[in-house]
Amino acid sequence: MKYTQLGRTGLKVSRLVLGTMNFGPQTGEPESHAIMDSALDAGINFFDTANVYGWGENKGRTEEIIGTWFAQGGGRREKTVLATKVYGSMSREGETWPNEDRLSALNIRRAVEASLKRLQTDHIDVYQFHHIDRLTPFEEIWQAVDVLIQQGKILYAGSSNFPGYKIAQANETAARRGMVGLVSEQCLYNLSERRAEMEVIPAAQDYGLGVIPWSPLHGGVLGGVIKKEVQGGRRASGRAADALANSSTRAQIQAYEDLLDKHGLEPGEAALAWLLTRPGITGPIVGPRTAEQLESALRAVELELSEELLGSLDEIFPGPGPSPEAFAW
């Protein structure tokens, strides 16, 4: 495994981030534990989750699964850089109550305590804001974060799904308070979805945030979806099905798969490897449902993409260009 600093911090994290969103809803506890053991054995030390994962009536279940894994000991917690998130409502259906979502100081305090209990740990390494809160000023958010840092309950703060201007607002406010501010941004970014290159990634680089792309295979679109459909009769679903329903997008994906077939590469592994070549990227989040999917993701770390291949990928999936030139000049 290869490692890098998380943004401008001294924290060393793996170039792949283990996403745990499937733990609970799609992957049972024993297999989830096995995947986490395998990831740690392979050198992945950065695990990402969120308080709402588990979804529906099972919100918090994913954190609980990670907590029972930590409880097994063996250095599991000590070796793991743990990231979780706050924002979404933790209310059960029919039990909605004020102040159980968003980023008020009250909800942040309650959410941290609840996550720590589920995770069976005394601190969270990277506490991430899952979404912007248009109702809560950053002065209040940073006040709450400052208290938690002083209490030793969190070490760093990060963002997720923030636009560039909110990254700037957040860190300018933190700087006025003499705080470190955001150290990471988790955003949607992959070969097929490159809009983050216009504002989000440049803002993150300027402010020293490590960028952690989620959905690196764009919901399966970049994982060989057409090949799987043809060879195994496996029908695409979700984002992949929507993409294939569009004739121009399907042609683009076909060109992508044909190119990688010509180079003898697996689409999903190449898509991850491409992200690892991008400026400012700490590491993509991989969310394996099975041990086999984890093994495939690990191979991407060692994959070297030629300049010729990178150029061809840019031709198939052109980026938006820099801001403001892309839209103004």
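Quick note: structure is the one above.
On a predicted model such as this, the values are computed, not experimentally measured, just so you know. (Residues numbered from 1 in each chain as written. Predicted model: local features only at pLDDT ≥ 70, side-chain atom pairs only at ≥ 80, totals over all residues. Heavy atoms only, no water.)

### A word on the pattern of salt bridges
Evaluated as defined, the whole model comprises 15 salt bridges. The residue Glu113 makes a salt bridge to Lys153 at a minimum N-O spacing of 2.3 Å. In this pair, Glu113 sits in helix H4 (residues 105–119) while Lys153 sits in the loop between helix H5 (138–151) and strand S7 (154–160), placing the two residues 40 residues apart along the sequence. Its relative accessible area of 36% is what places Glu113 among the partly exposed residues. What emerges from the salt-bridge pattern is a single network uniting Arg194, Glu197, Arg278 and Asp314. (Salt bridge = Lys/Arg side-chain N within 4 Å of Asp/Glu carboxyl O. Helix = DSSP H or I, 4+ residues; strand = E, 2+ residues; numbered from the N terminus. Buried < 20%, exposed > 50% of the residue type's maximum accessible area, 1.4 Å probe, protein only.)

### Focus: the packing of aromatic side chains
With the rule as written, the count across this model stands at 7 aromatic pairs. Feature note: the residues Phe47, Trp69 and Phe70 constitute an aromatic cluster, connected by ring pairs. (Phe/Tyr/Trp six-rings, centres within 6.5 Å; stacked < 30°, edge-to-face > 60°.)

### Here we look at helix H11 (residues 267–276)
Owing to its 3.6 residues per turn, the α-helix aligns residues three or four sequence positions apart on the same side. Among the 10 residues that make up H11, 10 are buried, leaving the element largely enclosed by the rest of the structure. Of all the positions in H11, only Pro267, Gly268, Glu269, Ala270, Ala271, Leu272, Ala273, Trp274, Leu275 and Leu276 are classed as buried. For H11, the elements touching its buried residues are strand S9 (210–214), helix H10 (247–262), strand S10 (285–286), helix H12 (291–301) and helix H13 (307–316). (Contact = heavy atoms within 4.5 Å.)

### What to know about the sheet that holds S9
Strand order in the open sheet formed by 8 strands is S9-S8-S7-S6-S5-S4-S3-S10, with parallel pairing between adjacent strands. Across the chains shown, the open sheet's two edge strands, defined by having one partner strand only, are S9 and S10. In this structure, strand S4 (residues 46–48) lies alongside strand S5 (residues 81–86), joined through 3 bridges in parallel fashion. Paired with Phe46 across the strands is Val81, a residue of S5. (Pairing = 2+ DSSP bridges.)

### Some remarks on the nonpolar core
Within the largest apolar cluster, 80 residues are counted, with the highest numbers of intra-cluster contacts made by Ile108, Phe129, Trp142 and Tyr256. With residues up to four places along the chain from it excluded, the contact list for Tyr256 reads Leu191, Leu222, Pro267, Gly268, Ala271, Leu313, Ile316 and Phe317. Grouped together as the second largest cluster of nonpolar side chains are 11 residues, Leu11, Val13, Val126 and Val183 included. (Core = buried A, V, L, I, M, F, W, Y, C linked by side-chain atoms within 4.5 Å.)

### Observations regarding the packing of H5 against helix H6 (residues 164–176)
Contact pair H5 / H6: the axes reach a minimum separation of 10 Å and the direction vectors enclose 60°. Comparing their axes, H6 and H5 come out oblique. Crossing handedness for the pair H5 and H6: right-handed. Contacts between H5 and H6 involve Phe138, Glu139 and Trp142 on the former and, on the latter, Lys166, Gln169, Ala170, Asn171, Thr173, Ala174 and Arg176. (Axes fitted to C-alpha atoms, helices over the stretch in contact; angles between N-to-C directions. Parallel < 35°, antiparallel > 145°, perpendicular 65-115°, else oblique. Left-handed = near helix turned anticlockwise from the far one by under 90°.)

### A short note on the pairing of strand S8 (residues 182–188)
Buried residues dominate S8, accounting for 6 of its 7 residues. Sheet topology note: the S7/S8 ladder contains 3 bridges and is parallel. Each bridged residue has a counterpart across the sheet, and for Ser159 the counterpart in S8 is Glu185. At this point the chain moves from S7, through H6, to the parallel S8, and the crossover so formed is right-handed. Strand direction decides the pairing type here: S8 and S9, joined by 5 bridges, are parallel. (Right-handed = clockwise from strand over helix to strand, strands pointing away.)

### Digging into the side chain of Glu63
Relative to the assigned elements, Glu63 resides in helix H2 (residues 61–70). Overall, Glu63 belongs to the buried group, its relative accessible area being 0%. Of the polar contacts made by the side chain of Glu63, one reaches the side chain of Ser115; its length is 3.0 Å. What Glu63 contacts, discounting residues up to four positions off in sequence, is Thr49, Ala50, Asn51, Thr84, Ser115, Arg118 and Leu119. (Polar contact = N/O pair within 3.5 Å; in protein donor to acceptor, adjacent residues only side chain to side chain.)

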